[in-house]
Amino acid sequence: MPWRTPPADKRAGVRPDPYAVWLSEVMLQQTTVAAVTAYFNRFTMRWPTVADLAAAEDGDVMAEWAGLGYYARARNLLKCARAVVAEHGGAFPADHAALLMLPGIGPYTAAALSSIAFDLPHAVLDGNVERVMARIYDEHTPLPAAKPILMTHAEALTPDARPGDYAQAVMDLGATICTPKSPACGICPWSDPCLARQRGTAPELPRKTPKKAKPVRHGTVYIARRSDGAYLLERRPDRGLLGGMLGWPGSDWVDVSLDRPEGTPPVNAQWSKVQGEVRHTFTHFHLILTVMLSDTDQKPDAGPNTAGYMTKTEFGPSDLPTVMRKAFDLTRH
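Residues numbered from 1 in each chain as written. Predicted model: local features only at pLDDT ≥ 70, side-chain atom pairs only at ≥ 80, totals over all residues. Heavy atoms only, no water.

**A few points about the overall build of the protein**
Condition: Put simply, DSSP marks the helices as runs of H or I at least four residues long and the strands as runs of E at least two long, and each gets a number from the N terminus on. A 1.4 Å probe rolled over the protein chains alone gives each residue an accessible area, and that area as a share of the maximum for its type sets the label: buried under 20%, exposed over 50%, partly exposed in between. Residue contacts are counted whenever heavy atoms from the two residues lie within 4.5 Å of one another. All accessibility values rest on the Shrake-Rupley procedure with a 1.4 Å probe; residue burial counts only the protein chains present in the view.
When you go through the protein residue by residue, the secondary structure sums to 13 helices and eight strands. On the principal axes, the C-alpha backbone points of the protein span a range of 70 × 45 × 30 Å. When the 333 residues of the protein are sorted by exposure, 46% land in the buried category. Long-range pairs, those at least 24 residues apart, make up 68% of the contacts in the protein between residues at least 6 apart in sequence. Total accessible area on the protein is roughly 16,900 Å²; 53% of this is exposed by carbon and sulfur atoms.

What follows is the structure, encoded as structure tokens:
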């Protein structure tokens, strides 16, 4: 992992880069390592330091983030970088309480920075560590109610010596050996003291409270294509879902039990319904979108979010969040 500093390098005097640790931890929230690695490399090549990121244009950062999802993370990324520069001279503070005061940094990220970047003894509790703790102690309280119990266990095991290496080791243990299904207990370094292994309950832990079924919403988007190949896009409001991202004008997204909203087309033109539909899943709901397409040179109506037509040199499909790119792709079939 490009954001890691191996123990051998640390013994040779190489210290972890707090910027790399922070950036990777924010990206890894709700996202896999495989998906994050390419984004991390692009970000650090384009903005090598937190000061470089703080000076970046919002739109450029949102475009680079497109496809990672959970876009509030990208907005908080910029807020945090600018706070680090404005309030801490461009260096992350080596203080857990001060880290918690920064925008977008909650208990998990503060603990990860404290332990991994600064070798302070703070317990890091992600999904992998929760699973390890639940099995080591054979804890059957279902998540999320079990979180405080598992944190207590994690804190008790966190050493004063090399807590950063320990934190990463436990996360890796959960990711590679103490896996959700078919844990490899035979090669686990903690197999002897593991109560769940002794009692045969490891595969069923951690227990989780059943999730409610996600509601389904639907809506309409309008894709207007000018004769020179430019597309009509809008910049979504900073607050709310997909905040600050480029997207297609369209309707509100309402519950599927209601009539599908068509919204107001952004230009007065001939519109045709694209065959098929967009299906996308967000954290709290499923979305189905109808896509309307028009080839037109009409100017857009004035609106608070309208960005206007963008040419091929100003815009590429990769600049779009995934759900909007799916709509674009549907027009290419």
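Once the structure has been displayed, the description carries forward.
**Describing helix H6 (residues 72-88)**
Every α-helix winds through 3.6 residues per turn, so residues three or four apart in the chain are directed the same way. Basically, it comes down to this: By this rule the span expected of a helix is its residue count minus one, scaled by 1.5 Å.
Taking 1.5 Å per residue, 17 residues should reach 24 Å; H6 reaches 23 Å between its end C-alpha atoms and fits that length. Among the residues of H6, Arg73, Ala74, Arg75, Leu77, Leu78, Cys80, Ala81, Ala83 and Val84 are the ones counted as buried. Where H6 is buried, its residues meet helix H2 (18-28), helix H3 (33-46), helix H4 (50-54) and helix H5 (58-65). A positive phi of about 65° marks Gly89, the residue just after H6.

**Observations concerning the environment of Ala202**
Tracing the sequence through the fold places Ala202 in the loop between helix H12 (195-199) and strand S1 (216-225). Given a relative accessible area of 4%, Ala202 falls into the buried group. Between the alpha carbons of Ala202 and Pro183 there is a distance of 7.6 Å; along the sequence they are 19 residues apart. Setting aside chain neighbours within four positions, we find Ala202 in contact with Arg135, Pro183, Ala196 and Arg197.

**Some details on the side chain of Arg135**
So the rule is basically this: A positive count includes Lys and Arg, and a negative count includes Asp and Glu. His and the chain ends are not counted in either. For this analysis, a salt bridge means a side-chain nitrogen from Lys or Arg found within 4 Å of a carboxyl oxygen belonging to Asp or Glu.
Structurally, Arg135 is set in helix H9 (residues 127-136). For the buried Arg135, no salt bridge exists, and the shortest N-O distance to an oppositely charged side chain is 8.7 Å, to Asp138. Once you skip the residues sitting within four places of it in the chain, Arg135 turns out to touch Cys178, Thr179, Pro180, Pro183, Cys194, Leu195, Ala196, Ala202, Pro203 and Leu205.

**Some thoughts on the packing of H3 against H5**
Going by this rule: Fitted lines through C-alpha atoms give the axes, limited to the stretch in contact for helices. The angle between two N-to-C directions lies from 0 to 180 degrees. Angle categories are assigned with fixed cut-offs, so that under 35 degrees is roughly parallel, over 145 is roughly antiparallel, 65 to 115 is roughly perpendicular, and the rest are oblique. Crossing handedness: left-handed means the near helix sits turned counterclockwise from the far one by under a right angle, and right-handed means the same turn made clockwise. Residues are grouped as follows: nonpolar covers Ala, Val, Leu, Ile, Met, Phe, Trp, Tyr, Cys and Pro; charged covers Asp, Glu, Lys and Arg; every other residue, Gly included, is treated as polar.
Across the interface, H3 lies against H5 with an axial gap of 10 Å and an inter-helix angle of 155°. Taken together, the axes of H3 and H5 lie roughly antiparallel to each other. Along this stretch, H3 crosses H5, giving a crossing that reads as right-handed. Facing Tyr39, Arg42, Phe43 and Arg46 of H3, the residues of H5 in contact are Asp60, Val61, Glu64 and Trp65. Tallied by class, the residues present in the contact of H3 with H5 amount to four nonpolar, no polar and four charged.

**Things to note about the packing of aromatic side chains**
Keep this limit in mind: Note on ring pairs: Phe, Tyr and Trp rings are taken, using the six-membered ring of Trp, and paired if centres are within 6.5 Å. Classes follow the plane angle, with under 30 degrees stacked, over 60 edge-to-face and the rest tilted. Lysine and arginine charges are scored as sitting over a ring when NZ or CZ, respectively, is within 6 Å of the ring centre and within 35 degrees of the ring normal.
One pass over the structure, following the stated rule, counts 16 aromatic pairs. Note on Phe282 and Phe285: the rings are 5.1 Å apart at their centroids and 35° apart in plane angle, and the pair reads as tilted. An identical accessibility class is assigned to Phe282 and Phe285; each is buried. Each residue in the set Tyr231, Trp248, Phe315 and Phe328 is aromatic and connected to the rest through ring pairs, giving one cluster. Here the guanidinium or amino end of Arg217 rests over the ring plane of Phe285, the centre of that ring lying 4.0 Å away.

**Describing the packing of H2 against H6**
Interaxial distance between H2 and H6 falls to 10 Å at its minimum, and their mutual angle equals 160°. By the angle between their directions, the pair H2 and H6 is classed as roughly antiparallel. Between H2 and H6 lies a crossing whose hand is right-handed. Of the residues in H6, those touching H2 at Trp22, Leu23, Val26, Met27 and Leu28 are Arg73, Leu77, Cys80 and Ala81.

**Observations regarding the pattern of salt bridges**
Scanning the model with the defined rule gives 14 salt bridges in all. Between Asp119 and Lys10 there is a salt bridge, and its shortest N-O distance comes to 3.9 Å. One end of the pair, Asp119, is in the loop between helix H8 (107-117) and H9; the other, Lys10, is in helix H1 (residues 7-11), with 109 residues separating them in the sequence. The exposure class assigned to Lys10 is buried, which follows from its relative accessible area of 11%. One salt bridge in this structure joins Arg199 and Asp138, with 3.0 Å as the shortest N-O distance. Here Arg199 is found in helix H12, whereas its partner Asp138 is found in the loop between H9 and helix H10 (147-157), with 61 residues between them in sequence.

**Describing the pairing of strand S6 (residues 278-281)**
The following threshold applies: In short, DSSP must find at least two bridges between two strands for them to pair.
Because side chains alternate across S6, one face comprises the buried residues Val278 and His280, and the other comprises Arg279 and Thr281, none of which is buried. Connecting S6 to the antiparallel partner strand S7 (residues 286-295) that follows it, the hairpin turn spans four residues.

**Some points on the side chain of Gln168**
Counting through the fold element by element, Gln168 comes out in helix H11 (residues 163-176). Judged by its relative accessible area of 9%, Gln168 falls in the buried class. Residues contacting Gln168, with those up to four places away along its chain left out, are Arg4 and Ile116.

**Considerations on the nonpolar core**
Put simply, the rule reads: Throughout, nonpolar core names a set of buried Ala, Val, Leu, Ile, Met, Phe, Trp, Tyr and Cys residues whose side chains join them through atoms within 4.5 Å.
Counting residues in each nonpolar core, the largest one holds 89 residues, and the members touching the most others are Trp22, Met27, Phe43, Leu53, Trp65, Phe92 and Trp248. Among residues more than four places away in sequence, those in contact with Trp22 are Val50, Leu53, Leu77, Cys80, Ala81, Phe92, Ile105, Thr109 and Leu113.

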